[in-house]
Amino acid sequence: MGKIKIVLADDHRLVRDGIKALLAKSSDFVIAGEADDGKELLELLKKAKPDVALIDISMPNLTGLEAIPLIKKDFPGTRIILLTMHADPDYIIKAIQSGTHGYLLKDVEPEELHLAVKTVAKGEKYFNATISNIMIDNLSRIEESKEEQNLSPREMEVLTLVADGLSTKLIADKLSISIRTVETHRLNIMKKLQVNNTAELVRKALEKNLIQ
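The model shown is predicted, which means the values in this text are computed figures rather than measured ones.

Some details on the overall build of the protein chain
For the protein chain, the count of helices and strands is ten helices and six strands. For the protein chain, whose C-alpha radius of gyration is 26 Å, the value lies well above the compact-globule estimate of 17 Å for 212 residues. The dimensions of the protein chain, computed from C-alpha atoms along their principal axes, are 75 × 30 × 30 Å. Within the protein chain, buried positions represent 44% of all 212 residues. Summed over all atoms, the accessible surface of the protein chain reaches about 11500 Å², with 52% contributed by carbon and sulfur.

Below is the structure:
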């Protein structure tokens, strides 16, 4: 592979100058053009036909996220890396769903920026450890939330009575169900909330506002 042609899109000139300085540390790259916003980027792509577009999310006229599907449609040969200050999971998820090939934060070290560009230019994807950890944490919260939302109405009744301090027998009498059924509900609730005993169950239910 020859030199990798790169275009930059960011509405802050100082940021673009900083990125160029980082890329200049490698002889494998050549800057084929710069853009101040998303619309200017699309015009630039027609002329430059770069291998990789390094683009910011927050840009006037057309944001980086809005530009991604247009780039993929009209310039399928151009690989896309979002280089941004946004570490919010919502931005990362939208970027991945839109089809970005890489996602980096602007505090990236030069070596990692170089690696990301080379990796993406080869047809692979690149999401560094920081972004991957954010996604893993977010997915864990989503899964935990799903489990909590999956508590059945009967399980919510049992949970409330457990939190009130009622014994298994009293709960069974109050709900007109068998002791065995109460025990089954309690085990299912503990499994869904990922706790091991009644004290943990009550504490987590209070933390998650499942009970008052």
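Points about the sheet that holds strand S4 (residues 79–84)
Spatially, the six strands line up as an open sheet ordered S2-S1-S3-S4-S5-S6, and their pairing is parallel. This sheet does not close on itself; its edge strands, each paired only once, are strand S2 (29–35) and strand S6 (126–127). Across four bridges, the pairing between strand S3 (residues 52–55) and S4 is parallel. Bridge pairing in S4 links Ile55 to Leu82. Against the sheet, helix H1 (residues 13–23) makes contact with strand S1 (4–9), S2, S3 and S4, and its axis sits at roughly 170° relative to S2, the strand it touches most.

Some thoughts on the nonpolar core
Ranked by internal contacts, the top residues of the largest apolar core, which has 27 residues, are Val7, Leu41, Leu45, Ile55, Ile71, Leu82 and Tyr103. Counting residues per element, the ones that place at least two in this core are S1, helix H2 (38–48), S3, helix H3 (64–74), S4, helix H4 (89–98), strand S5 (102–105) and helix H6 (129–149). Apart from the residues within four sequence positions on either side, Ile55 is in contact with Ala9, Leu41, Gly64, Ile68, Ile71, Ile80, Ile81, Leu82 and Leu83. Among the nonpolar cores identified, the runner-up in size contains 19 residues, and Val162, Leu175, Leu210 and Ile211 belong to it.

Remarks on the pattern of salt bridges
Going through the model one piece at a time under the given rule, you end up with twelve salt bridges. Close ionic contact of Lys20 with Glu34 constitutes a salt bridge, the shortest N to O distance being 2.7 Å. Of this pair, Lys20 sits in helix H1 while Glu34 is found in strand S2, placing the two residues 14 residues apart along the sequence. In this structure, Asp28 and Lys118 form a salt bridge, with 2.8 Å as the shortest nitrogen-oxygen distance. Taken together, the residues span a long stretch of sequence, with Asp28 in the loop between H1 and S2 and Lys118 in helix H5 (residues 110–121) at a distance of 90 residues. With relative accessibility at 32%, the residue Asp28 sits in the partly exposed group. Connected via shared salt-bridge partners are Arg16, Asp17, Lys20, Glu34 and Asp36.

Cut-offs used in this document
Residues numbered from 1 in each chain as written. Predicted model: local features only at pLDDT ≥ 70, side-chain atom pairs only at ≥ 80, totals over all residues. Heavy atoms only, no water. Helix = DSSP H or I, 4+ residues; strand = E, 2+ residues; numbered from the N terminus. Rg over C-alpha atoms; globule rule 2.2 N^0.38 Å. Buried < 20%, exposed > 50% of the residue type's maximum accessible area, 1.4 Å probe, protein only. Areas by Shrake-Rupley, 256 points an atom, 1.4 Å probe, with all protein chains shown as cover. Pairing = 2+ DSSP bridges. Contact = heavy atoms within 4.5 Å. Axes fitted to C-alpha atoms, helices over the stretch in contact; angles between N-to-C directions. Core = buried A, V, L, I, M, F, W, Y, C linked by side-chain atoms within 4.5 Å. Salt bridge = Lys/Arg side-chain N within 4 Å of Asp/Glu carboxyl O.

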